[in-house]
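Overview (structure and organization)
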Amino acid sequence: MRGNRWLVFLVVCSLTVLGVTQSGFGAGFALYEGSARGNALGGAMVGRADDPSALFYNPAGITQLPGLQMMAGFTAITPGTDVEIGGKSYGTKDNVWLAPHFYTTYQFSDKLWFGLGLFSPFGLGTEFEKGWPGSANNYNAVIQSVNINPNIAIKLTDKLSIAAGFDAMWFDLKLENRALDLGPQLGYADQALSGDSFGYGCNIGARYQLFDWMALGLSYRSQITQNVSGTATFEGPLKTLLHFTDTDVDGSIRLPDMFFMGITFYPTPDFSFEVGAVWNRWSTYDSLTINYADALPNGATSVTVKKNWHDTWRFQTGAEYKAAKWLDLRVGYDFDEEPVNSTYADYLVPANNRHLFSFGPGFHWNNWSLDLSFTYLLITDRTVTSSLSPGFVNPSEFENGNAQLYGMSIGYKF
């Protein structure tokens, strides 16, 4: 019965992750919501890495986990922002996006551990009303991803552990915009691009318990190239008149590699805190090219949009206090840099630098754990006066950007 119980738990949680994966709201379109505990700590879990969500933050940490352990949950994200054009404000639609996670770890011996993670490392959801002034650039964008990530971790010494893993990432993209608008009398044609792909990469991690009161963590995830294939469909009065043809499309996007680093301090047995950072190589996203199997009405068979994003830092810190045997209290803060270059800003990511304030409790009873988190994400205002992105309306103000993130994770030690 015991074996059957954990097998059912594994299957149900895996299907749940694959079934509810939707988009989120991070700098660029990276997601850092690896677990509710990690959210409450501002992502400061790289040096700590002492629960199954270490597979997201630093898989070398799973050597701290005895036996078989599992964790599953999600973060619900409710973003919103306004774009001001010509003195009038246009807000994004109210949506709730889900970033799910599932982890399992198993100790084979005193030296060897295995871990399997399913999570969403990239996601985006931006939706405006059709026909708003920025429609030629974008009125709906949805990015979804699921990363299947097995890892092997080795405890080299009592203080040093290392890990290596393989990434198999499903990536799904949907972009909608007004391809052509000739005014109220002549009409318009809207374009909907959609496609998906699988891409592959790797990851490594290390954790070193320098002293009883200090631990160091470092992990790396490689770039992943997604060769997306799908369809372009058109609708509107001008579709037939100008011979817009629904067609197959393809294109490539190179997702960035990332470095996670953290130093955890344990001043007392009941209190700990971590400071750290994440470096994200967003400069890999220099352009987006869409190839059309059938030519557009103007004869073009491909469209390239320059992006020229730049590398970013995310600085994070979090503290945890064990208030009772059954209760942990957590708080965190992050500063997250925006990678979008003002010269090629668009309405896909109408945002700027972000501040994240988070907190949440953790509950423990017998072999069960329940972690909850709340994060308020504040996006600083931004003025874009001269973007060269196609369809962008100059000037534009990005204002009132914010999001609320609600996290929950349930764990069990078998």
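Just so it is clear, the model here is predicted, and its values are computed rather than measured.

Focus: the overall build of the protein chain
In terms of helices and strands, the protein chain carries four helices and 22 strands. In terms of C-alpha radius of gyration, the protein chain reaches 22 Å, essentially the compact-globule figure of 22 Å for 414 residues. With respect to the three principal axes, the spread of C-alpha positions in the protein chain is 70 × 40 × 35 Å. Here the protein chain holds 414 residues, and 53% of them are scored as buried. In the protein chain, the proportion of contacts linking residues at least 24 apart, taken out of those at least 6 apart, comes to 69%. Of the charged side chains in the protein chain, 26 are positive and 38 negative; the average position of the first set lies 8 Å away from that of the second.

What to know about the environment of leucine 218
Relative to the assigned elements, leucine 218 resides in strand β10 (residues 214-221). With 60 residues separating them in the primary sequence, leucine 218 and valine 278 have C-alpha atoms 9.8 Å apart. Contacts of leucine 218, omitting those with residues within four sequence positions, involve Val46, Asn58, Ile204, Gly205, Ala206, Phe260 and Met261.

Details of the pattern of salt bridges
Tallying each qualifying case throughout the model produces 17 salt bridges. Aspartate 334 is paired through a salt bridge with arginine 314; the nearest N and O atoms lie 3.3 Å apart. Of this pair, aspartate 334 sits in strand β18 (residues 327-336) while arginine 314 sits in strand β17 (residues 312-324), and the two are 20 residues apart along the sequence. Taking relative accessible area as the criterion, arginine 314 reaches 4% and is therefore assigned buried. Arginine 314 serves as the salt-bridge partner of aspartate 336, at 3.3 Å between the closest nitrogen and oxygen. With aspartate 336 in strand β18 and arginine 314 in strand β17, this pair connects stretches of sequence that are 22 residues apart. Judged by its relative accessible area of 2%, aspartate 336 falls in the buried class. Each of the salt bridges in this network shares a partner with another, and the network as a whole consists of Arg37, Arg48, Asp50, Asp51, Glu320, Asp328, Arg330 and Asp371.

Considerations on the nonpolar core
If you look at the biggest cluster of nonpolar residues, it comprises 72 residues, and the most contacted ones within it are Phe29, Phe122, Trp132, Tyr285, Tyr292 and Tyr347. Other than its neighbours up to four places away in sequence, phenylalanine 122 contacts Phe29, Ala30, Leu31, Ile143, Gln144, Ser145, Met169, Leu255, Pro256, Met258 and Trp282. If you look at the next biggest cluster of nonpolar residues, it comprises seven residues, including Met70, Phe102, Leu118 and Phe414.

Side note on the pairing of strand β4 (residues 97-107)
Counting buried positions along β4 gives eight out of 11 residues, so the element sits mostly inside the fold. With 10 bridges connecting them, strand β2 (residues 68-85) and β4 associate as antiparallel partners. Its bridge partner being in β4, isoleucine 77 is matched across the sheet by tryptophan 97.

A word on the side chain of aspartate 167
Relative to the assigned elements, aspartate 167 resides in strand β8 (residues 160-181). Here asparagine 149 takes part through its side chain, which lies 3.2 Å from a polar atom of the side chain of aspartate 167. Other than its neighbours up to four places away in sequence, aspartate 167 contacts Asn147, Ile148, Asn149, Gly199, Tyr200, Gly201, Cys202, Asn203, Arg221 and Ile224.

Observations concerning the packing of aromatic side chains
Aromatic ring pairs are defined here through the distance separating the ring centres and the angle between the ring planes. Tallied over the full model, the rule gives 32 aromatic pairs. With a centroid separation of 4.9 Å and 65° between ring planes, the pair formed by phenylalanine 29 and tryptophan 282 is classed as edge-to-face. One end of the pair, phenylalanine 29, is in strand β1 (residues 25-30); the other, tryptophan 282, is in the loop between β14 (271-280) and β15 (287-292), and 253 residues separate them in sequence. You'll find phenylalanine 29 and tryptophan 282 in the same group, each marked buried. Each member of the aromatic cluster is reached from another via a ring pair, and the members are Tyr90, Phe128, Trp132, Tyr347, Phe392 and Phe398. For arginine 178, the ring lying beneath its charged end belongs to tyrosine 188, and the centroid distance is 3.7 Å.

Reading the values: rules and limits
Residues numbered from 1 in each chain as written. Predicted model: local features only at pLDDT ≥ 70, side-chain atom pairs only at ≥ 80, totals over all residues. Heavy atoms only, no water. Helix = DSSP H or I, 4+ residues; strand = E, 2+ residues; numbered from the N terminus. Rg over C-alpha atoms; globule rule 2.2 N^0.38 Å. Buried < 20%, exposed > 50% of the residue type's maximum accessible area, 1.4 Å probe, protein only. Contact = heavy atoms within 4.5 Å. Lys, Arg positive; Asp, Glu negative; His and termini not counted. Charge placed at Lys NZ, Arg CZ, Asp CG, Glu CD. Salt bridge = Lys/Arg side-chain N within 4 Å of Asp/Glu carboxyl O. Core = buried A, V, L, I, M, F, W, Y, C linked by side-chain atoms within 4.5 Å. Pairing = 2+ DSSP bridges. Polar contact = N/O pair within 3.5 Å; in protein donor to acceptor, adjacent residues only side chain to side chain. Phe/Tyr/Trp six-rings, centres within 6.5 Å; stacked < 30°, edge-to-face > 60°. Lys NZ or Arg CZ within 6 Å of the ring centre and 35° of its normal.

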